[in-house]
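Inside the fold
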Amino acid sequence: MTRNRNMKIASVVAFLAVVFIAVPAAISLSGRIDLYYTLTSVALLSIASAGVWLTFYIGRINIGQGAYALMGGYVSAILVMNHGWSFWLTLPVAGLFCAAASVLIGLPILRLRGVYFAMVTLTLTEVARLLALALPITNGAKGIVSIPLPGALSVFGLTIIPDFSTLQNSRLAFYLLAVTMMVVCFAVMYRLVHSRIGKLCQSLQQNEELASSIGVNIAYLRVIAYAVSSFFGGVAGAIFAAISQSIYPSSFTVTDSVNFMLNCFLGGLGYVFGPMLGTLVLYFGWDMLFQTGRFQLLIYSGLMIVLMLVLPNGLLSLTVPTRKKA
């Protein structure tokens, strides 16, 4: 047990060293500053995908994460532009707003299972897009543009995070912000999954009636998991709006919601860090296939089908010892 614990600690330290030290150093030496935006996007997409993975963990197929990412982006943008809030304050507010909205939406729909729940969540992203087009506060199809970069964050007069607009390389700052949030997100999810609540949530995958018969409050667990999932989506959307300095109704579509789900499948539904690996492979894999022109989507779809057949438990099943899979 001590050996396994030491290996886990060493793996975490190595991962943190890579994302916080090795990657910025390699980009600085190569001069490929554009990679900061690419890796920042991967980190944010993996955060949203982590939320989708969490709903899979309770036995629900969630294809509506794009709706909460869009909500989070608009909440942050509106508070910054219309009310003069600091971006750092809008970040948790956007997540909490999405969590509250998911509770109201989830109470009736979380009773559904399988394809029925998936069909309902699939429409959520389109409903969110249509609302963003119709509501005056979102500025319709024009969206919200010219969002200022995050300002300084000070605590008791001590500046913890400098104003991004004063930095020589704001892309590096956004990269560090995104990967920090990604590390925090997956650390929270790992702790949640390995807690007592996580074990109870896992029981919902097997047999909800049996779990309910032994006193498990399945409705409460479903709502909690869905709220945390939506919180992750809202935070990712808020940071995305800050990076692009704009948000439109088409910023997150049904395609994005489907991709969030595919990231989980590709990485592995039985592993907490599956969404992170799946997002990385899927993002760069799609870009690499760009050279194939009109055959890009055909090759991409074929490879995904083959991977699902050969590795039904995801890419992490290649290296991680066999355990219980989701």
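Refer to the structure above for everything that follows.
Residues numbered from 1 in each chain as written. Predicted model: local features only at pLDDT ≥ 70, side-chain atom pairs only at ≥ 80, totals over all residues. Heavy atoms only, no water.

1. Some points on the nonpolar core
Counted only if it meets this: Residues enter a nonpolar core if they are buried and are Ala, Val, Leu, Ile, Met, Phe, Trp, Tyr or Cys, with the set joined through side-chain atoms within 4.5 Å. Each residue's exposure class comes from its accessible area (1.4 Å probe, protein chains only) as a fraction of the maximum for that residue type: buried when under 20%, exposed when over 50%, partly exposed otherwise. To qualify as a helix, a DSSP run of H or I must reach at least 4 residues; to qualify as a strand, a run of E must reach at least 2; elements of each kind are numbered from the N terminus. Whether two residues are in contact is decided by their heavy atoms: any pair within 4.5 Å suffices.
Counting 77 residues, the largest nonpolar core has Trp 53, Phe 186, Met 189 and Ile 239 as its most contacted members. It is helix H9 (residues 218-244) that contributes the most residues to this core, 13 residues altogether. Beyond its immediate sequence surroundings of up to four residues, Ile 239 is in contact with Leu 44, Phe 87, Leu 91, Leu 177 and Met 181. Within the second largest apolar cluster, eight residues are counted, among which are Leu 262, Tyr 300, Leu 311 and Leu 315.

2. Considering the state of the cysteines
Applicable threshold: Here, the term disulfide refers to a pair of cysteine sulfur atoms separated by no more than 2.5 Å.
This model, assessed by the stated rule, comprises zero disulfides. Of all cysteine sulfurs in the structure, the one in Cys 185 sits closest to Cys 98, which takes part in no disulfide; the separation is 14 Å. Of the residues examined, Cys 98 reaches a relative accessible area of 0% and is grouped as buried. No disulfide involves Cys 264; its nearest neighbouring cysteine sulfur is the one of Cys 185, lying 11 Å away. For Cys 264, a relative accessible area of 0% corresponds to the buried category.

3. Notes on helix H1 (residues 2-30)
We count it as follows: What a helix should span is 1.5 Å times the count of its residues minus one. Bending is quantified residue by residue as the angle between axes fitted to the seven-residue window ending at that residue and the seven-residue window starting at it.
The end-to-end C-alpha distance of H1, which contains 29 residues, comes to 40 Å, matching closely the 42 Å that a straight helix rising 1.5 Å per residue would cover. At Val 18, H1 is bent by approximately 40°, the largest bend along its length. Those residues of H1 that are buried are in contact with helix H2 (34-57) and helix H6 (170-193). Of the residues flanking the end of H1, it is Gly 31, one or two places downstream, whose phi is positive at about 80°.

4. Some words on the environment of Phe 265
The residue Phe 265 is located in helix H10 (residues 254-267) in this model. Residues Phe 265 and Leu 307, spaced 42 residues apart in sequence, show a C-alpha to C-alpha distance of 9.6 Å. Not counting residues within four places of it along the chain, the set of residues in contact with Phe 265 comprises Phe 56, Met 308 and Gly 314.

5. Thoughts on the pattern of salt bridges
Rules: By salt bridge we mean one thing: a side-chain nitrogen of Lys or Arg within 4 Å of a carboxyl oxygen of Asp or Glu.
Inspection of every chain in the model, using the stated rule, returns three salt bridges. Note that Arg 32 and Asp 34 form a salt bridge whose closest N and O atoms lie 2.9 Å from each other. Taking the relative accessible area as the measure of exposure, Arg 32 reaches 43% and is therefore partly exposed. Between Arg 129 and Glu 126 there is a salt bridge, and its shortest N-O distance comes to 2.5 Å. Linking Arg 129 with Glu 126, this pair stays in helix H5 (residues 114-134), spanning three residues, or about one helical turn. Glu 126 sits in the partly exposed class, given a relative accessible area of 29%.

6. So, the pairing of strand E3 (residues 158-161)
Put simply, the rule reads: For two strands to be treated as a pair, DSSP must find no fewer than two bridges joining them.
Where strand E2 (residues 153-155) meets E3, three bridges bridge the pair, whose relative direction is antiparallel. In the strand pairing of E3, Val 155 is matched with Leu 158. If you look at the hairpin formed by E2 and E3, you'll find two residues sitting between the two strands, and Phe 156 has a positive phi there, around 55°.

7. Here's the deal with the packing of aromatic side chains
Spelled out, the test is: The pairing test for Phe, Tyr and Trp rings, Trp by its six-membered ring, is centres within 6.5 Å, and the orientation test on the planes gives stacked under 30 degrees, edge-to-face over 60, and tilted for anything in between.
Going through the model one piece at a time under the given rule, you end up with 14 aromatic pairs. Ring centres of Phe 87 and Trp 88 lie 5.1 Å apart, and the angle between their planes is 70°; on these two criteria the pair is classed as edge-to-face. Exposure remark for Phe 87: the relative accessible area of 6% places this residue in the buried category. Overall, Trp 88 belongs to the buried group, its relative accessible area being 13%. On the numbers, 5.1 Å between centres and 85° between planes, the contact of Trp 286 with Tyr 300 is edge-to-face. Of this pair, Trp 286 sits in helix H11 (residues 274-288) while Tyr 300 is found in helix H12 (residues 296-310), placing the two residues 14 residues apart along the sequence. Taking relative accessible area as the criterion, Trp 286 reaches 32% and is therefore assigned partly exposed. Since its relative accessible area comes to 14%, Tyr 300 is described here as buried. Here a set of aromatic residues connected by ring pairs shows up, and it is made of Phe 87, Trp 88, Phe 164 and Phe 174.

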